[in-house]
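An overview of the molecular structure
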Amino acid sequence: MLGRTLQEVSAALKQGQITPVELCQRCLSLIKKTKFLNAYITISEEVALKQAEESEKRYKKGHSLGALDGIPVAVKDNFSTSGIETTCASNMLKGYVPPYNATVVQRLLDQGAVLMGKTNLDEFAMGSGSTDGVFGPVKNPWSYSKQYREKRKQKPHGENEDSNWLITGGSSGGSAAAVSAFTCFAALGSDTGGSTRNPAAHCGIVGFKPSYGLVSRHGLIPLVNSMDVPGILTRCVDDAATVLGVLAGHDPKDSTTIQDPGKPFMLSSLTDVSKLCIGIPKEYLVPELSSEVRSFWSKAANLFESEGAKVIEVSLPHTSYSIVCYHVLCTSEVASNMARFDGLEYGHRCDIDVSTEAMYAATRREGFNDVVRGRILAGNFFLLKENYANYFIKAQKVRRLIANDFVNVFNSGVDVLLTPTTLSEAVPYLEFIKEDNRTRSAQDDIFTQAVNMAGLPAVSVPVALSNQGLPVGLQFIGRAFCDQQLLTVAKWFEKQVQFPVIQLQELMDDCSSVFEIEKLASVSLKQ
Amino acid sequence: MWARAVLLGYRSWMGWHRGFTSKTDPQGSGRVTAEVIEHLERLALVDFGSQEAVARLEKAIAFADRLRAVDTDGVEPMESVLEDRCLYLRSDNVVEGNCVEELLQNAHRVVEEYFVAPPGNISLPKQDEQQPFSHN
């Protein structure tokens, strides 16, 4: 049951094959079983069970709220959740309990979704590995999959062989691991430079970044206001569309959401791709791209062509500058956004009382890790009067050039761009930490962050397993606000490639037997 | 034309990568002087904490310097991708509020309905003066 898609489970709930409370309990016990993945920071067990009970009442009366009623979901820990600790994986916000829900969280709850907990991330969403939070790194469930272990000629139960576990990618690694390990059916991430699509590719799930302005950012603790978007992580494209339908639409509390009336997001099944024009940006063929990913990319292009679509090579000439431009803009906006953390009204506060400035400085030193502090200082440097024009304004100009590159390509008749999502499959943690956070981010974001600069929708779809038995994803990029068309193409592709399900069978079997024992225990207690 | 751009991009990528592993960064050194460090620490209210952090900043600056290679004559800076649209403004009516208790709950030091702050208008001591937050 836990391995099914959101739509399948929703149908099962309607038909009474399973109740929301049972579903919630199974997910909770699987979360406990997979605690070693470190995907969750906070597990909101009581809240979840309460929500599940209310959902059950609604189903009994036949008044379910919709496709998401009773469905377990998880939310990245940089979204504010009323009454539930929100930390952004940082000491600065440890113990912070927001008094309000982020709009996207509220919309999920209004549809009856059951909140399992808050997932782990890189501190303040800065990073591409989900390794730099104060609660520790997140482990990729594929490290424990039969597919990976068989290729490494290890026994599937070899948890003592744990030292070489793989990263999930980031920064929404906790959300990706939660969905990939079947502990929930959908999760919210955030996407500023690829933070939803990167871990989706490494964990073999669908990671969708909506167009900037489509989904509200109210309540999402901001990193880069002009590029942040809430992201959606699910096990299939249809599920992502279902969740998008709930989340998209104007929010009076976020004035950067567009006011066009929302359209429902039911995806039609595309059968004929012959009217489609797929663009392959040649600058994305970089030397660092692994040969396996390159060959999957090439095969995907051939697949479209063989089915009648027009596949052409296009050029995005300023691609090589997008990482540098992002680096400057990101650190500058971060310098501004992190200024709100001073310890006075919320969050960590140090013991110094000599002066406000001394108190702020010490609080911020204690609360932020090196990565965050490094970015704040770099951002402040670029925003100094003598540097402003040469760095910040210059980067904004380059941003326009990059955004125009995309506009030109789409104006020339291309419907969707097809690119890799990551340079290679997930790497072992010990390998990943050999380079520092900024280097890794610059390397790993290379295919994903130009999309954030231009505010376009993009989705990472898992395509196949590598030689090592690990997932590889490919990215589709669409025109601004053509999210539905993008997801329709992605759905067609997903159906063609038939990506295998992760085999965590030992985990699942153990978990269902645990559930049986718990069920018997609860029955005997009642008597 | 595009081939040359790709090659340049590749070469500068490799050059940056090599530069990162070397100990002294000729491009970066000299930009982050003691004066700049002090200035940034005061502006950001975040201290460097170590020589490593200074080196990291120098590398970040060197990395950002690559933007100079782009020709941006006549290009307007882009602040937002939604620049062609008007921002939505709510009507100026009070519809929420009266949540004093909720808001005060998250603060460490509160007196009645006030957040308590240490005295202001005292600037941070200079680098050479005694640091107030060095613990014995």
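Values in this document were obtained by computation on a predicted structure and should not be read as measured data.

**Brief notes about the overall build of chain B**
- The number of helices and strands found in chain B is four helices and two strands.
- Going residue by residue from the N terminus, the α and β elements of chain B occur as α-α-α-α-β-β.
- For chain B, with 136 residues in total, the buried portion stands at 29%.
- By sequence separation, contacts in chain B at least 24 residues apart represent 53% of the contacts at least 6 residues apart.

**As for the pairing of strand β5 (residues 206-209) of chain A**
Residues and elements named next belong to chain A.
- Every second residue of β5 is oriented toward a common face, with V206 and F208 on one face and G207 and K209 on the other, all of them buried.
- Where β5 and strand β6 (residues 229-234) come together, three bridges link them in antiparallel fashion. Looking across to β6, one finds that G207 is bridged to L233.
- Examined bridge by bridge, β5 and strand β10 (residues 458-465) share three bridges and lie antiparallel to one another. Each bridged residue has a counterpart across the sheet, and for G207 the counterpart in β10 is S460.

**Details of the packing of helix α9 (residues 291-306) of chain A against helix α17 (residues 483-497) of chain A**
Residue and element names in this part refer to chain A.
- Across the interface, α9 lies against α17 with an axial gap of 12 Å and an inter-helix angle of 105°. In terms of orientation, α9 lies roughly perpendicular with respect to α17. Facing A300, L303 and F304 of α9, the residues of α17 in contact are V489, W492, F493 and Q496.
- Along the lines of polarity and charge, the residues of the contact of α9 with α17 split into six nonpolar, one polar and no charged.

**Comments concerning the UniProt feature "active site" (unreviewed entry) in chain A**
All names here are of chain A.
- Per the UniProt entry, the sites bearing "active site" (unreviewed entry) are K76, S171 and S195 in this numbering. In summary, the annotated positions, though distributed over 120 residues, converge in three dimensions, the widest C-alpha pair being only 11.1 Å.
- Setting aside chain neighbours within four positions, we find S195 in contact with K76, A125, G127, G170, S171, S172 and S190.
- Only 3.1 Å separates the side chain of S195 from the side chain of S171, close enough to count as a polar contact.

**A look at the sheet that holds strand β8 (residues 310-314) of chain A**
Residues and elements named next belong to chain A.
- The mixed open sheet is built from 11 strands, whose spatial order is β1-β3-β2-β4-β6-β5-β10-β11-β9-β7-β8. Edge positions in the sheet fall to β1 (40-43) and β8, since each of these pairs with one other strand and no more. Across the sheet, the axes of successive neighbouring strands diverge by a mean angle of 30°, strand direction being ignored.
- The pairing of strand β2 (residues 72-76) with strand β4 (residues 186-191) spans three bridges and is parallel. Bridge assignment links V75 to a residue of β4, and that residue is L188.
- Contacts from helix α6 (residues 173-180) reach β1, β2, β3 (114-119), β4 and β6, with the element oriented near 155° to β4.

**Quick word on the interface of chain B and chain A**
- Between chain B and chain A, the residue contacts involve 66 residues of the former and 79 residues of the latter.
- Between chain B and chain A, roughly 6900 Å² of surface is buried when both sides are summed, and carbon and sulfur atoms account for 64% of that area.
- The interface formed by chain B and chain A includes five salt bridges.
- The partner of A:R365 in a salt bridge is B:D47, with the nearest N and O atoms 2.8 Å apart.
- For the pair chain B and chain A, the number of links is 18 residue pairs in polar contact (both at pLDDT 80 or more).
- Tallying contributions element by element places helix α1 (residues 2-21) of chain B first for the side of chain B that touches chain A, with eight residues.
- The residue makeup of the side of chain B that touches chain A, split by class, is 40 nonpolar, 10 polar and 16 charged.

**Remarks on the packing of helix α10 (residues 319-337) of chain A against helix α3 (residues 51-64) of chain B**
- Between α10(A) and α3(B), the shortest axis-to-axis distance is 9 Å and the interhelical angle comes to 130°. It follows from the interaxial angle that α10(A) and α3(B) lie oblique. Crossing handedness for the pair α10(A) and α3(B): left-handed. Between α10(A), through A:I323, A:V324, A:H327 and A:V328, and α3(B), the contact on the second element is made entirely by B:A60, B:F63 and B:A64.

**Things to note about the side chain of A:K491**
Residue and element names in this part refer to chain A.
- Tracing the backbone through its elements, the reader meets K491 in helix α17.
- What makes K491 buried here is its relative accessible area of 16%.
- Setting aside anything within four residues of it in sequence, one finds K491 in contact with V237, D238, L267, S268 and S269.

**Re α6(A)**
All names here are of chain A.
- The buried fraction of α6 amounts to eight of the eight residues, a majority that puts the element mostly inside the structure.
- If you check which residues of α6 are buried, you get G173, G174, S175, A176, A177, A178, V179 and S180.
- Positive backbone phi, at 70°, marks F182, one or two positions downstream of α6.

**Describing the packing of aromatic side chains**
All names here are of chain A.
- Tallying each qualifying case throughout the model produces 17 aromatic pairs over all chains.
- When the centroid spacing of 5.8 Å and the interplanar angle of 5° are considered together, the rings of F304 and F493 count as stacked. In this pair, F304 sits in helix α9 while F493 sits in helix α17, placing the two residues 189 residues apart along the sequence.
- Taking the relative accessible area as the measure of exposure, F304 reaches 0% and is therefore buried.

**Quick look at unusual backbone geometry**
Residues and elements named next belong to chain A.
- Looking along the chain, the bond that leaves G170 and enters S171 is cis, with omega of 10°.
- Notably, F124 is not glycine yet its phi reads approximately 55°, a positive angle.
- Looking at the element boundaries, F124 is found in the loop between β3 and α5 (146-151).
- Here the phi dihedral of F481 falls at roughly 65°; this positive angle occurs in a residue that is not glycine.
- Examined against the element boundaries, F481 turns out to sit in the loop between β11 (471-477) and α17.

**Considering the state of the cysteines**
All names here are of chain A.
- The final tally for this structure, using the stated rule, is zero disulfides over all chains.
- C482 carries a free sulfur, and the closest cysteine sulfur to it, the one in C277, is 14 Å from it.
- Exposure remark for C482: the relative accessible area of 25% places this residue in the partly exposed category.

Cut-offs and rules
In this numbering scheme, every chain counts its residues from 1 along its sequence in written order. The lettering of chains begins at A and the numbering of ligands begins at 1, in the order of writing. Whole-chain, interface and lining totals are the exception, using all residues; otherwise, since this is a predicted model, local features are given only for residues with pLDDT of at least 70 and side-chain atom pairs are given and counted only at 80 or more. The side-chain figures draw on all heavy atoms in the structure; neither hydrogens nor water molecules are used. Strands here are runs of E lasting at least two residues and helices are runs of H or I lasting at least four, both read from the DSSP assignment and numbered beginning at the N terminus. Only protein chains enter the accessibility calculation, which uses a 1.4 Å probe. A residue is then buried if its area is under 20% of the maximum for its type, exposed if over 50%, and partly exposed in between. What makes two residues a contact is simply this: any of their non-hydrogen atoms within 4.5 Å. Between any two strands, pairing holds if DSSP finds at least two bridges. To obtain an axis, a line is fitted to C-alpha atoms, over the contacting stretch when the element is a helix, and the angle between two such axes runs from 0 to 180 degrees between their N-to-C directions. By definition in this entry, angles of less than 35 degrees are roughly parallel, angles greater than 145 are roughly antiparallel, angles of 65 to 115 are roughly perpendicular, and the rest are oblique. Three classes are used, and their members are as follows: Ala, Val, Leu, Ile, Met, Phe, Trp, Tyr, Cys and Pro are nonpolar, Asp, Glu, Lys and Arg are charged, and the others, Gly among them, are polar. UniProt positions are given in the numbering used here, feature names are shortened, and annotations may be inferred rather than shown by experiment. Here a polar contact is taken to be a pair of N or O atoms separated by no more than 3.5 Å, where protein atoms must pair a possible hydrogen donor with a possible acceptor and residues adjacent in sequence count only if both atoms sit in side chains. Summed over both partners, buried area is the accessible surface (1.4 Å probe) that two parts give up on being assembled. Criterion for a salt bridge: a side-chain nitrogen of Lys or Arg within 4 Å of a carboxyl oxygen of Asp or Glu. Definitions for this section: a left-handed crossing has its near helix turned counterclockwise from the far helix by less than a right angle. A right-handed crossing has that turn clockwise. Pairing of aromatic rings covers Phe, Tyr and Trp, the last through its six-membered ring, and needs centres within 6.5 Å; plane angles under 30 degrees mean stacked, over 60 mean edge-to-face, and all others mean tilted. Counting rule for disulfides: a pair of cysteine sulfur atoms within 2.5 Å.

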